[in-house]
Amino acid sequence: MDAVIAGDCDIGLTYESDSVPTLHYEPIVWESQQLYCGRNHRLFGKTVGNPALLSRQRFVLAQGDEPKDVERFRLHYALGRHVGARADDLSEAMRLIQLGVGVGFLPTIVADTAGDKLWPLLPASLLPSYFVYMISLEVSLLSTPAQLFHEEMRQSMREHTTFR
């Protein structure tokens, strides 16, 4: 967001929905996060219907890369009070969860790449979800290549999504 606002890039992606008046937001995908454990974790293979039951688990936190909807969910159920590790990015968080350092949230699309090394702990009906937005300054202010890319993204979204 900062790079788009500063004019260092034309288009960006964000999960933050706090509106910045100078930016144009377009939802591109609805993303969910799941709470995972690694293969060697004692909860591997189990589903937990009440997230509060996991409040004593060691947690892997993705430092500075947690959507507000996930943070609210986590705090509501007192998850993450016992920090096993802090990760700088999602790849590191996934690796730490796989190693059994603790449980942690990952976008389902990211965790799908891990194959059978991660186990989803929560029922799908409970997952925190949010929009990922394409952001830009006013479209008419974009460079010609950026305008073309922006329009291509919008066209693709119209073809592949149910929201506009």
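In what follows, the accompanying structure is described. For clarity, every value in this text was computed on a predicted model and none was experimentally measured.

## Here's the deal with the overall build of the protein chain
- In terms of helices and strands, the protein chain carries five helices and seven strands.
- Helices and strands appear in the protein chain in the N-to-C order α-β-β-β-α-β-α-β-α-β-β-α.
- The buried share of the protein chain, reckoned over its 164 residues, is 40%.
- Nonlocal contacts in the protein chain, meaning residues at least 24 apart in sequence, comprise 72% of its contacts between residues at least 6 apart.
- Total accessible area on the protein chain stands at roughly 9,300 Å², and carbon and sulfur atoms take up 52% of it.

## Points about the pattern of salt bridges
- If you walk through the whole model with that rule in mind, you get five salt bridges.
- For R154, the salt bridge goes to E26, with nearest N and O atoms at 2.9 Å. Of the two residues, R154 sits in helix α5 (residues 144-160) while E26 sits in strand β2 (residues 24-38), which places them 128 residues apart along the sequence.
- We classify R154 as partly exposed; its relative accessible area is 30%.
- Residues D69 and R72 are paired through a salt bridge, measuring 2.5 Å at the closest nitrogen-oxygen approach. You can see D69 and its partner R72 sitting in helix α2 (residues 68-76), three residues apart, about one turn around the helix.

## Comments concerning the packing of aromatic side chains
- Applying the stated criterion across every chain, the model contains eight aromatic pairs.
- Pairing F59 with F105 gives two aromatic rings, centres 6.1 Å apart and planes at 50 degrees, and the pair type is tilted. In this pair, F59 is assigned in strand β3 (residues 58-62) and F105 in strand β5 (residues 104-107), connecting sequence segments 46 residues apart. Each member of the pair, F59 as well as F105, carries the same accessibility label: buried.
- Cluster of aromatic residues (ring-pair linked, three or more members): Y25, W30, F131 and Y133.

## Re the environment of C37
- Its place among the elements puts C37 in strand β2.
- A relative accessible area of 0% means that C37 is categorised as buried.
- Spatially, the C-alpha atoms of C37 and E151 are 40 Å apart, while their sequence positions differ by 114 residues.
- Beyond its immediate stretch of four places on either side in the chain, C37 contacts L43, F44, I97, V103, K117, L118, W119 and L121.

## Things to note about helix α3 (residues 90-98)
- When we look at burial in α3, the residues that qualify are A93, M94, L96 and I97. All buried residues of α3 lie within an arc of 165 degrees about the axis, which places them on one face of the element.
- Where α3 is buried, its residues contact β2, β3, β4 (82-87), β5, α4 (108-111) and β6 (118-120).
- Backbone nitrogen of S91 and a side-chain oxygen of the N-cap are separated by 3.1 Å at the start of α3; the cap is D89.
- A positive phi of about 90 degrees marks G100, the residue just after α3.

## Regarding the nonpolar core
- Judged by nonpolar contacts, the single largest core of 23 residues is most densely connected at L35, L54, F59, L79, F105, L121 and L122.
- Those elements that place two or more of their residues in this core are β2, β3, α2, β7 (129-136) and α5.
- Beyond its immediate sequence surroundings of up to four residues, L122 is in contact with Q34, L35, T47, V48, P51, L54, F73, F105 and L127.
- Counting residues in hydrophobic clusters, the runner-up holds 12 residues, among them Y36, A85, A93 and A114.

Reading the values: rules and limits
Residues numbered from 1 in each chain as written. Predicted model: local features only at pLDDT ≥ 70, side-chain atom pairs only at ≥ 80, totals over all residues. Heavy atoms only, no water. Helix = DSSP H or I, 4+ residues; strand = E, 2+ residues; numbered from the N terminus. Buried < 20%, exposed > 50% of the residue type's maximum accessible area, 1.4 Å probe, protein only. Contact = heavy atoms within 4.5 Å. Areas by Shrake-Rupley, 256 points an atom, 1.4 Å probe, with all protein chains shown as cover. Salt bridge = Lys/Arg side-chain N within 4 Å of Asp/Glu carboxyl O. Phe/Tyr/Trp six-rings, centres within 6.5 Å; stacked < 30°, edge-to-face > 60°. Arc of directions from axis to C-beta. Polar contact = N/O pair within 3.5 Å; in protein donor to acceptor, adjacent residues only side chain to side chain. Core = buried A, V, L, I, M, F, W, Y, C linked by side-chain atoms within 4.5 Å.

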